[in-house]
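Here is what each chain is made of, one letter per residue.
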Amino acid sequence: MTDHEPDRILAAVDALAPAFERAGLDELEVAVGELRVRLARPRAPAAVVGAAAAGAPAPAVAAAAQAPAGDEPPAFDQAAPGRRLVTAPLTGVWYSAPSPGARPYVTEGGEVSSGQVIGLIEAMKLFNEIKSDQSGTVTRVFVESGTLVKRKQPLLEVDPG
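Residues numbered from 1 in each chain as written. Predicted model: local features only at pLDDT ≥ 70, side-chain atom pairs only at ≥ 80, totals over all residues. Heavy atoms only, no water.

The strand order across the open sheet formed by four strands is S7-S6-S4-S9, and the pairing between neighbours is antiparallel. Each edge of the open sheet is held by one strand with a lone partner, namely strand S7 (126-131) and strand S9 (147-149). Between one strand axis and the next, the sheet turns through 40° on average, direction left out of account. Sheet analysis places strand S6 (residues 117-123) next to S7, joined by six bridges and oriented antiparallel. When the bridges of S7 are listed, Leu 120 appears paired with Glu 129. (Pairing = 2+ DSSP bridges. Helix = DSSP H or I, 4+ residues; strand = E, 2+ residues; numbered from the N terminus. Axes fitted to C-alpha atoms, helices over the stretch in contact; angles between N-to-C directions.)

Rendered as structure tokens:
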């Protein structure tokens, strides 16, 4: 894998995901030269999160889309005055808790500190801990667990005061 390969893959996922969602497909695989991208809806996202929390290997699920066909991700305004947004560092499936039935890492009204884990994003069969780059009180949580998030999409709004 070249140094630019992950960027090419993420750019391809960002380009294909909206059409994948609108078409209502369960799976899509595209190969151009040596670049190969596979999008698939998760069959059992709760089991996947449980497996990740237990340290077990995750089933073969590529970058996935959970939104119903035809629905675009909701538009997000900028943070309210004096508040800050915590955004997704990569595209993938968002999980707000370490395992099914567990309490979420953060909730509206709860406190968050910089460097604290706020959720998991599954991308390319890997679960990535997502950490806050802001400290303060969580005023809004923008995404539901099990949904596709895109890089730079707001996850939380934090009041640093």
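Taken as a whole and assessed by the stated rule, the structure comprises one aromatic pair. On the basis of an interplanar angle of 40° and a centroid distance of 5.9 Å, the ring pair of Tyr 95 and Phe 127 is categorised as tilted. Note that Tyr 95 is positioned in strand S4 (residues 92-95) and Phe 127 in strand S7, a separation of 32 residues in sequence. Residue Phe 127 is classed as partly exposed on the basis of its relative accessible area of 23%. (Phe/Tyr/Trp six-rings, centres within 6.5 Å; stacked < 30°, edge-to-face > 60°. Buried < 20%, exposed > 50% of the residue type's maximum accessible area, 1.4 Å probe, protein only.)

To continue, consider unusual backbone geometry. Phi angles above zero are rare outside glycine, and Met 124 is one such case at about 55°. One non-glycine residue, Lys 125, lies in the positive phi region at around 70°. With respect to the helices, strands and loops of the structure, Lys 125 is situated in the loop between S6 and S7. Classification of Lys 125 by relative accessible area gives partly exposed; the value is 46%.

Right, let's talk about the sheet that holds strand S3 (residues 84-87) for a bit. The strands making up a sheet are joined through hydrogen bonds of the backbone, oriented either antiparallel or parallel. In spatial order, the strands read S3-S10-S8-S5; together these four strands make up an open sheet with antiparallel pairing. The open sheet has two edge strands, S3 and strand S5 (111-112), and neither has a second partner. Bridge count for S3 against strand S10 (residues 154-159) is four bridges, and the pairing is antiparallel. When the bridges of S10 are listed, Val 86 appears paired with Leu 156.

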